[in-house]
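Commentary on secondary and tertiary structure
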Amino acid sequence: MDYLIATALIALSALFSGLTLGLLSLDTQTLKRRAKTGDQEAKAIYPIRRKGNQLLTTLLLGNVLVNTILSVFLGTLASGTVAVVIATTLIFVFGEIIPQAVISRHAMYFGAKAAPVVHILMFLMWPIAKPIAYVLDRALGNEIPTTYSKHEIMEIISEHEDSEHSPIDADEERIVHGALRFSHLTVR
């Protein structure tokens, strides 16, 4: 039974840690744009991601709470130094490194799957997380939107044309590049 409890706590730590990095690495403008075009994963994630500081506070509070419970729990099973080494190793490897590496690479997939759970967590932790998020929102202001220069947009289009995962072809690349250069052309 002790192993089952420890495993459940590590799994929760992994979930909180991975979702913190994964969800907060997603740009809100990109999610909103993708949701408007029918992307179901973006539709699931955008409502929670747009509440950035509340999401951050909820996930960090959950992670700290679970990791503290795990450390105390392991302290009842082993002596002080042994419990610290075991807890640190388990949390570091299985609660932080592995989930962050995996979820950050597949943030849309995991974020969409976990969105219902995150909604519930945000509701449950609202009394603590919302006031902290409010202070952060007031102190830091809104998230700075990602914007691109014409040269960056042209480079993005070129990257998409070169990618096997994108439907953009060479003609479309040429047309977009031409359109972005159009205002700088001098005609005689």
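The preceding data block contains the structure.
The structure contained in this document is the topic of the report that follows. (Residues numbered from 1 in each chain as written. Predicted model: local features only at pLDDT ≥ 70, side-chain atom pairs only at ≥ 80, totals over all residues. Heavy atoms only, no water.)

Relative to each other, helix H4 (residues 52–77) and helix H7 (residues 126–140) sit at 135°, their axes nearing to 8 Å. The pairing of H4 with H7 is recorded here as oblique in orientation. In terms of crossing hand, the pair formed by H4 and H7 is right-handed. Across the interface between the two elements, Asn53, Gln54, Thr57, Thr58 and Leu61 from H4 touch Trp126, Ile128, Ala129, Lys130, Ile132, Ala133, Leu136 and Asp137 from H7. (Axes fitted to C-alpha atoms, helices over the stretch in contact; angles between N-to-C directions. Helix = DSSP H or I, 4+ residues; strand = E, 2+ residues; numbered from the N terminus. Parallel < 35°, antiparallel > 145°, perpendicular 65-115°, else oblique. Left-handed = near helix turned anticlockwise from the far one by under 90°. Contact = heavy atoms within 4.5 Å.)

Now for the pattern of salt bridges. Opposite charge on two side chains permits pairing when their charged atoms draw close. The tally for this structure, following the rule as stated, stands at two salt bridges. Measuring nitrogen to oxygen at the nearest pair gives 2.9 Å for the salt bridge that ties Arg34 to Asp39. A relative accessible area of 35% places Arg34 in the partly exposed class. A salt bridge links Glu143 to Arg49; its shortest N-O distance comes to 2.8 Å. Of the two residues, Glu143 sits in the loop between H7 and helix H8 (150–162) while Arg49 sits in helix H3 (residues 40–49), which places them 94 residues apart along the sequence. We classify Arg49 as buried; its relative accessible area is 3%. (Salt bridge = Lys/Arg side-chain N within 4 Å of Asp/Glu carboxyl O. Buried < 20%, exposed > 50% of the residue type's maximum accessible area, 1.4 Å probe, protein only.)

Looking at where Glu155 falls in the secondary structure, it is placed in helix H8. Using a relative accessible area of 46% as the deciding quantity, one classes Glu155 as partly exposed. Distance from Glu155 to His177, taken between C-alpha atoms, is 9.1 Å for residues 22 residues apart in sequence.

Right, let's talk about helix H6 (residues 107–124) for a bit. Most pronounced at Ala115, the bend in H6 amounts to some 55°, and the proline Pro116 follows within four residues. Those residues of H6 not exposed but buried are Ala107, Met108, Gly111, Ala112, Ala114, Ala115, Val118, Leu121 and Met122. Of the surrounding secondary structure, the elements contacted by the buried residues of H6 are helix H1 (2–24), helix H2 (28–36), H3, H4, helix H5 (80–105) and H7. (Bend = angle between axes of the 7 residues up to and from the residue.)

Right, let's get into a nonpolar patch on the surface. Taken together, the side chains of Phe92, Phe94, Ile97, Ile98 and Val102 make up a nonpolar region of the molecular surface, amounting to roughly 460 Å² of accessible area. For Phe94, the position within the fold is in helix H5. (Patch = residues over 30% accessible without salt bridge, like charges linked within 9 Å, V, L, I, M, F, W, Y side chains within 5 Å. Areas by Shrake-Rupley, 256 points an atom, 1.4 Å probe, with all protein chains shown as cover.)

Our next topic: the nonpolar core. Within the largest apolar cluster, 30 residues are counted, with the highest numbers of intra-cluster contacts made by Leu23, Leu26, Ile45, Leu70 and Val118. Secondary structure elements with two or more residues in this core: H1, H2, H3, H4, H5 and H6. The biggest single contributor to this core is H6, with eight residues. Those residues within four positions of Leu26 in sequence are excluded, and the remaining contacts are Leu31, Ile45, Arg49, Ala107 and Met108. (Core = buried A, V, L, I, M, F, W, Y, C linked by side-chain atoms within 4.5 Å.)

Nothing here speaks to function; it is all geometry.
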